[in-house]
Amino acid sequence: MRPFELGEVPALSRSTVDRQETLRNDPERLTARWPDARLVVVDRWGRTPVRLDAVDSGEAPVSTRKAAEFAGEPPVEASFLGEWDGVDHWMLPVDPPSESDTIELDGGWGVRQEVPVSADEAWLDLRGHGALLDDTSAGLLTTAEALRNWHHRGRFCGRCGSEVTRVQFGWASHCTGCGNEEYPRTDPAVICLVHDDIGVNGANVLLARQPVWPPKRYSVLAGFVEAGESLEGCVEREVREEVGVEVGDVRYLGSQPWPFPRSIMLGFAARTVSGAALTPADGEIEEARWFSRADVRAAFDGEHDELMLPGTTSIASVMLRSWAAAEQ
């Protein structure tokens, strides 16, 4: 019997685009190729258009635009995303559609969400609908949203407070006051599936829900890595702080960018004593419970009345599905 591993690549970790630094540091090349480039347009809510007839396919491509129709050369607010299939791809912030209808889609956690529809395109956000995209589009939109959020939140220099300008085609900022340069930041956060010590992969999993979540919504535990802390140490501390349980056998599973606004989720598994008493952290965890493998399988099949699990965009869903499919 082997410890379980992730059974698939997390939705937002998929990418096919060549994003090497040398491409974005060649202004002559980028400018010359701009007329044939494609744009991933993103509105202020992080939504991008997808062909309406492709939404239900599970591999929908983002509806990119021709760069030449927007400008004769790369605008300052455009960010280079990379090259795919011989074509450069960029992100460009745009206004949302002025006139639109709406349709309802699953926005994760079993919650229906209204999304705008305009000109036979649905405007989808990454957090709720990233799993509906094909691999290339998922990678493009994840990078686009990460850069959009970084620029939106970093308009002033952290050193002197002056305004900053964008350089390196969206991959750096330059302070107009002190000349300081900054680059896109990513905050590491651990997310851990804790199971008991029955067999190799446990018979039960520890799930919890936050006070702001509705009843029945549960997920695995997560938290940000603190300064001077190892990833494994963060796992042990977060589980102890949130539910009062000591864990061991901490092992890495995989990762997923989570640009809301600038995190990367580092997935782990850990073991604890079967039936360990749970003490939810006051104000942080509303409830924590042990669920069996049969419970988790039933929840994913929509047949559990007391358990609602994360949507497919999150690495938490992949972790739980992989655990549920493993043998004890």
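No experiment lies behind these values; they were computed from the predicted model shown.

Re the overall build of the protein chain
Per the secondary structure count, the protein chain includes 7 helices and 17 strands. Its C-alpha atoms give the protein chain principal-axis dimensions of roughly 65 × 50 × 35 Å. Taken over 328 residues, the protein chain has a buried fraction of 47%. Pairs at least 24 residues apart make up 65% of the contacts formed inside the protein chain by residues separated by at least 6 positions. When the accessible area of the protein chain is evaluated, it comes to approximately 15800 Å², of which 46% is carbon and sulfur surface. Computed over 32 positive and 54 negative side-chain charges, the inter-centroid distance for the protein chain is 1 Å.

Re the sheet that holds strand E10 (residues 172-175)
Here we have 3 strands laid out as an open sheet, ordered E9-E10-E11, and antiparallel in their pairing. The outermost strands of the open sheet, each flanked by one partner alone, are strand E9 (164-167) and strand E11 (181-182). One ladder, built from 4 bridges, connects E9 with E10; its direction is antiparallel. Across the sheet, the residue bridging to arginine 166 is serine 173, located in E10.

Considering the UniProt feature "domain: Nudix hydrolase" (unreviewed entry) in the protein chain
Here the UniProt-annotated "domain: Nudix hydrolase" (unreviewed entry) positions come out as residues 184-314. Helix makes up 16% of residues 184-314 and strand 36%, and the two end C-alpha atoms of the span are 22 Å apart.

Section: the domain arrangement of the protein chain
With domains assigned, the protein chain is organised as domain 1 (21-154), domain 2 (155-185) and domain 3 (187-325). The straight-line distance from the C-alpha centre of domain 1 to that of domain 2 is 24 Å. Contact with domain 1, which involves 18 residues of that partner, is made by 14 residues of domain 2. Carbon and sulfur atoms make up 60% of the area that domain 1 and domain 2 hide from each other, which totals about 1400 Å². Contact with domain 2 buries surface across domain 1, with Arg24, Trp150 and His151 losing the most and accounting together for 43% of the total.

Remarks on the packing of aromatic side chains
In total, this model carries 6 aromatic pairs according to the counting rule given. Between tryptophan 90 and phenylalanine 169 the ring centres are 5.6 Å apart and the planes differ by 80°, which places this aromatic pair in the edge-to-face class. Of this pair, tryptophan 90 sits in strand E5 (residues 87-93) while phenylalanine 169 is found in the loop between E9 and E10, placing the two residues 79 residues apart along the sequence. Under the relative-accessibility criterion, phenylalanine 169 is labelled partly exposed at 22%. Their ring planes at 70° and their centres at 5.2 Å tell us that tyrosine 218 and phenylalanine 291 sit as a pair that is edge-to-face. Of this pair, tyrosine 218 sits in the loop between strand E13 (204-209) and strand E14 (221-224) while phenylalanine 291 sits in strand E17 (residues 287-292), placing them 73 residues apart in sequence. Its relative accessible area of 1% is what places phenylalanine 291 among the buried residues. Residue placement shows arginine 293 over the ring face of tryptophan 323; its charged tip is 4.1 Å from the ring centre.

Structural notes on the nonpolar core
If you look at the biggest cluster of nonpolar residues, it comprises 52 residues, and the most contacted ones within it are Leu193, Val205, Leu207, Val296, Leu309 and Leu320. Per-element accounting of this core gives the leading share, 7 residues, to helix H7 (residues 315-325). Among the domains, domain 1 (21-154) and domain 3 (187-325) are the pair contributing at least three residues each to this core. Those residues in contact with leucine 193 that sit more than four places away from it in its chain are Phe4, Val205, Val220, Phe268, Ala269, Ala270, Met319, Leu320 and Trp323. By size, the runner-up hydrophobic cluster in this structure holds 19 residues, among which are Cys234, Val239, Val247 and Ile285.

Examining the pattern of salt bridges
Tallying each qualifying case throughout the model produces 19 salt bridges. For arginine 2, the salt bridge identified is with glutamate 5, shortest N-O distance 3.6 Å. Here arginine 2 and glutamate 5 have matching classes, each one exposed. Across the pair arginine 237 and glutamate 238 runs a salt bridge whose closest N-O atoms are separated by 3.2 Å. Grouping residues by exposure puts arginine 237 and glutamate 238 together as buried. Each of Glu226, Glu229, Arg237, Glu238 and Glu241 takes part in salt bridges that share partners, so that together they form one network.

Digging into unusual backbone geometry
With the exception of glycine, most residues fall at negative phi, and the peptide bonds are largely trans. Omega for the peptide link from phenylalanine 260 to proline 261 comes to 10°, which places this bond in the cis form. The topology assignment puts proline 261 in the loop between strand E15 (248-258) and strand E16 (263-272). Phi at glutamine 168 takes a positive value of approximately 55°, unusual for a residue other than glycine. The topology assignment puts glutamine 168 in the loop between E9 and E10. What makes glutamine 168 partly exposed here is its relative accessible area of 25%.

Remarks on the sheet that holds strand E3 (residues 65-66)
Strand order in the open sheet formed by 4 strands is E3-E1-E5-E4, and the pairing between neighbours is mixed. Each edge of the open sheet carries a strand with a single partner, namely E3 and strand E4 (79-84). Sheet topology note: the strand E1 (residues 38-42)/E5 ladder contains 5 bridges and is parallel. Pairing of leucine 39 across the sheet is with tryptophan 90, part of E5. This element, helix H4 (residues 135-153), spans E1, E4 and E5 of the sheet and lies at about 165° to E4.

Criteria and cut-off values
Residues numbered from 1 in each chain as written. Predicted model: local features only at pLDDT ≥ 70, side-chain atom pairs only at ≥ 80, totals over all residues. Heavy atoms only, no water. Helix = DSSP H or I, 4+ residues; strand = E, 2+ residues; numbered from the N terminus. Buried < 20%, exposed > 50% of the residue type's maximum accessible area, 1.4 Å probe, protein only. Contact = heavy atoms within 4.5 Å. Areas by Shrake-Rupley, 256 points an atom, 1.4 Å probe, with all protein chains shown as cover. Lys, Arg positive; Asp, Glu negative; His and termini not counted. Charge placed at Lys NZ, Arg CZ, Asp CG, Glu CD. Pairing = 2+ DSSP bridges. UniProt positions renumbered as here; feature names shortened; annotations may be inferred. Domains from an automatic or database assignment. Buried area = accessible area lost by both parts, 1.4 Å probe. Phe/Tyr/Trp six-rings, centres within 6.5 Å; stacked < 30°, edge-to-face > 60°. Lys NZ or Arg CZ within 6 Å of the ring centre and 35° of its normal. Core = buried A, V, L, I, M, F, W, Y, C linked by side-chain atoms within 4.5 Å. Salt bridge = Lys/Arg side-chain N within 4 Å of Asp/Glu carboxyl O. Axes fitted to C-alpha atoms, helices over the stretch in contact; angles between N-to-C directions.

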